[in-house]
Amino acid sequence: MTANLLDFDLDGLAVFCEQLGEKRFRATQLFRWIHQKGAQDFDQMSDLAKSLREKLKTCAQVQPLTPISRHDSADGTTKWLFDVGDGNAVETVFIPEDDRGTLCISSQAGCAVGCRFCSTGHQGFSRNLTTGEILSQLWFAEHTLRKQFNTSERVISNVVMMGMGEPLQNYSALVPALRAMLDDHGYGLSRRRVTVSTSGVVPMMDRLGLDAPVALAVSLHAPTDALRDNLVPLNRKYPLHELMDACRRYLAHAPRDFITFEYCMLDGVNDQPEHAQALIDLVKPKREQGRGIGEPVPCKFNLIPFNPFPASGLTRSSAATVKAFAAQLSEAGIITTVRKTRGDDIDAACGQLAGDVKDRTKVDERMAKQRVITLTQVAS
């Protein structure tokens, strides 16, 4: 069976090379060729022994995902749709800024969590991605953009696991991908610049803190169990007190001294002054009768404008409501930002789902024709 070398972190690749009778330093050389230089052809890997290159041709390949389409937003955001087989596709979004380039990566085809405000959840769950399929999104985007910008310098400085799927429900594939992103022989990203977003899979949060402690973002979206049960069904399994305790534990291992809470602003649902006060009480609990209800959770809030879709039955909070909500949190001493919507003209904004993915018949048709759509260059 032919191995896809994108499925391995450096330790995994070292084991693979040992099985071929090769030493670890060969795995390091191979890892650099794949991830730093974007090589797929073993004959390009000039510092590998010819005997190893011949072995690799018989048992290995560097096989990234196949892009189905590419769309470029007026604001510079780029979205790729990738074929993952059986009529399924996943999205990857590149967001350029003056001081960084951020790639939003998917971890599953669909999502099983089923948050009310997320169109991916309404699509349903198909399957977990492999490590290679997760890592392939970074590999493809990084080396495609380098060619596009005619540079040998790194283009992507930040990775957020905030695309399709719940990353911590695909833990065994996620961790080797994260390790490859962080490895100096791979992409060399800082732990502070790689973020995993979770809806609150508490046991896996604890494991991540030990196995690959990157920055953590928690999709909170509600200040009480009653409301969060409705918006984020996973809360019924891991209620807020368990989630907050897991956040406190994670901070002992995190590269940042705070947790980011993501909060989608829903008109009349979770955006009123009483909701803001309940959030303040949740992360900065008061003491009663000399006894603590829980330690504060060092955090910042990222308020997200809702991107409406018909099946949700929800609408976006007004700009004035979002501003007042942010002010109330800020006045309580909580760092609060409002996420700038990017890529909404190409259905790449947070919580949106591409029409290409919504209509699987169209995906199947494009796969049958085996065509890749390449649109205009990203604005610099």
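Residues numbered from 1 in each chain as written. Predicted model: local features only at pLDDT ≥ 70, side-chain atom pairs only at ≥ 80, totals over all residues. Heavy atoms only, no water.

Quick notes on the sheet that holds strand 9 (residues 158–161)
In plain terms, the rule: For two strands to be treated as a pair, DSSP must find at least two bridges joining them. Put simply, DSSP H or I for four residues or longer makes a helix, DSSP E for two residues or longer makes a strand, and each gets a number counted from the N terminus. Only the stretch in contact is used when fitting a helix axis, every axis being a line fitted to C-alpha atoms; angles between N-to-C directions are given from 0 to 180 degrees. Contacts were defined at the residue level, with two residues in contact if any of their heavy atoms lie within 4.5 Å.
The strand order across the open sheet built from 10 strands is 3-4-5-6-9-10-11-12-15-16, with neighbouring strands paired in mixed fashion. The strands lining the two open edges of the sheet, one partner per strand, are strand 3 (66–72) and strand 16 (335–338). The sheet shows a mean angle of 20 degrees between the axes of neighbouring strands, direction not considered. Relative to strand 4 (residues 78–85), strand 3 runs antiparallel, the two being bridged by six bridges. When the sheet's bridge partners are listed, Asp72 is paired in strand 4 with Thr78. Against the sheet, helix 5 (residues 131–149) engages strand 3, strand 4, strand 5 (88–96), strand 6 (101–104) and strand 9, with an angle of about 140 degrees to strand 4. Each of strand 9 and strand 10 (194–198) is contacted by helix 6 (residues 171–182), which is oriented at about 160 degrees to strand 10, the strand it contacts most.

Concerning the environment of Arg154
Condition: Exposure classes here rest on a 1.4 Å probe applied to the protein chains alone. A residue is buried below 20% of its type maximum, exposed above 50%, and partly exposed in between. We define a polar contact as two N or O atoms separated by no more than 3.5 Å, with the added condition that, inside protein, one atom must be a possible hydrogen donor and the other a possible acceptor, whereas residues neighbouring each other in sequence contribute only through side-chain atom pairs.
By the secondary structure assignment, Arg154 is in the loop between helix 5 and strand 9. Take Arg154: its relative accessible area is 45%, and that puts it in the partly exposed class. Leaving out residues up to four positions away in the same chain, Arg154 has contacts with Glu142, Arg146, Tyr187, Gly188 and Leu189. Of note is the side chain of Arg154, whose polar atom sits 2.6 Å from the backbone oxygen of Tyr187.

Regarding the packing of aromatic side chains
Any aromatic ring pair is given by two values, namely how distant the centres are and how the planes are angled relative to each other. Keep this limit in mind: Any two rings among Phe, Tyr and Trp, with Trp reduced to its six-membered ring, count as a pair given centres within 6.5 Å; such a pair is stacked if its planes are under 30 degrees apart, edge-to-face if over 60, and tilted if neither. Charge-over-ring contacts are defined here by two conditions on Lys NZ or Arg CZ: a distance within 6 Å of the ring centre and an angle within 35 degrees of the ring normal.
Using the criterion set out here, one finds seven aromatic pairs in the structure. Measuring from ring centre to ring centre gives 5.8 Å for Trp80 and Phe140, while their planes differ by 85 degrees; the resulting arrangement is edge-to-face. You can see Trp80 sitting in strand 4 and its partner Phe140 sitting in helix 5, a full 60 residues away along the chain. Across the pair, Phe140 and Trp80 agree in class, each one buried. Members of the aromatic cluster, joined through ring pairs, are Phe261, Tyr263, Phe301 and Phe325. Across the ring face of Trp33, the terminal group of Lys37 is positioned such that the distance to the ring centre comes to 3.9 Å.

Some thoughts on the nonpolar core
The criterion, for reference: Think of a nonpolar core as a cluster: buried Ala, Val, Leu, Ile, Met, Phe, Trp, Tyr and Cys residues, connected wherever their side-chain atoms sit within 4.5 Å.
Core analysis: the biggest nonpolar cluster contains 110 residues, and Leu30, Phe117, Leu178, Met181, Phe261 and Phe301 have the highest contact counts within it. Per element, the largest residue contribution to this core is nine residues, and it comes from helix 6. Residues within four places of Phe261 in sequence aside, it is in contact with Val218, Leu220, Met244, Cys247, Val283, Val297, Cys299, Lys300, Phe301 and Asn302.

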